[in-house]
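Residues per chain are reported as follows:
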Amino acid sequence: MTIKVGDRVPDATLTEFIETETQGCALGPNNFQVADLVKGKKIVVFAVPGAFTPTCSNKHLPGFVQNADAFKGKGVDEIWCVSVNDAFVMGAWGRDQKSGGKVRMLADGSATWTKALGLELDLNARGMGVRSQRYAMVLDDGVVKALNIEAPGKFEVSDAATMLAQC
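Residues numbered from 1 in each chain as written. Predicted model: local features only at pLDDT ≥ 70, side-chain atom pairs only at ≥ 80, totals over all residues. Heavy atoms only, no water.

A short note on the side chain of Arg134
Note on placement: Arg134 falls in the loop between β7 (129-132) and β8 (135-140). Nearest to the buried, unbridged Arg134 among oppositely charged side chains is Glu150, at 5.8 Å. Side-chain polar atoms of Arg134 contact the side chain of His60, separated by 2.9 Å. Beyond its immediate chain neighbours, meaning those up to four positions away, Arg134 contacts Ala47, Val48, Pro49, Thr55, Cys56, His60, Asn148, Ile149, Glu150, Lys154, Phe155 and Ser158. (Helix = DSSP H or I, 4+ residues; strand = E, 2+ residues; numbered from the N terminus. Buried < 20%, exposed > 50% of the residue type's maximum accessible area, 1.4 Å probe, protein only. Lys, Arg positive; Asp, Glu negative; His and termini not counted. Salt bridge = Lys/Arg side-chain N within 4 Å of Asp/Glu carboxyl O. Polar contact = N/O pair within 3.5 Å; in protein donor to acceptor, adjacent residues only side chain to side chain. Contact = heavy atoms within 4.5 Å.)

Description of helix α2 (residues 54-66)
Helix length check: α2, at 13 residues, gives a terminal C-alpha distance of 17 Å against a target of 18 Å (1.5 Å per residue), a fit within 8%. Helix geometry: α2 is bent most strongly at His60, by close to 25°, with proline Pro62 lying one to four residues after it. Listing the buried residues of α2 in full gives Cys56, Ser57, His60, Leu61, Pro62, Gly63, Phe64 and Val65. (Expected span 1.5 Å × (residues − 1). Bend = angle between axes of the 7 residues up to and from the residue.)

A few points about the pairing of strand β9 (residues 143-149)
Taken across its 7 residues, β9 has 5 buried, putting it largely inside the fold. Examined bridge by bridge, β8 and β9 share 6 bridges and lie antiparallel to one another. In the sheet register, Met137 faces β9, and the bridge partner there is Leu147. The antiparallel hairpin formed by β8 and β9 contains 2 residues in its connecting segment, where Asp141 sits at a positive phi of about 55°. (Pairing = 2+ DSSP bridges.)

So, to be careful, I would describe these as geometric facts and stop short of saying anything about function.
Below is the structure:
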């Protein structure tokens, strides 16, 4: 069953590659619980089928990186990019796209959260396994306030400009 507006997002573990060691976060992959991350925050989440893929790298992620300040101006605490990739890939993609300090690059390596949201995409026939559908949502304290799911092969409703208008 697909998550919908008004639902609370399920808890799961997402992994982020931390570039600089800090108090409580070691260098390298760190696990975070979604339930802890969303508490008391307004978060824009967008998901992509794969890191380094053409639409994801040329359009989707860059729009959110470029508009990070505009999202903050609308009261958004964090922007998350989620993909069914490992934390090393997401970290490398984030470095390549210069997303540091603007977009959190969160890995859902086994698609656990993606499946719990009901937003998985079976790309086994294309040799890519189970991935995420392309979507974007606005969360307020873990509750879905807006949700835009793309039709297969499309990039029309989950872009940064559309999400800015919904914040």
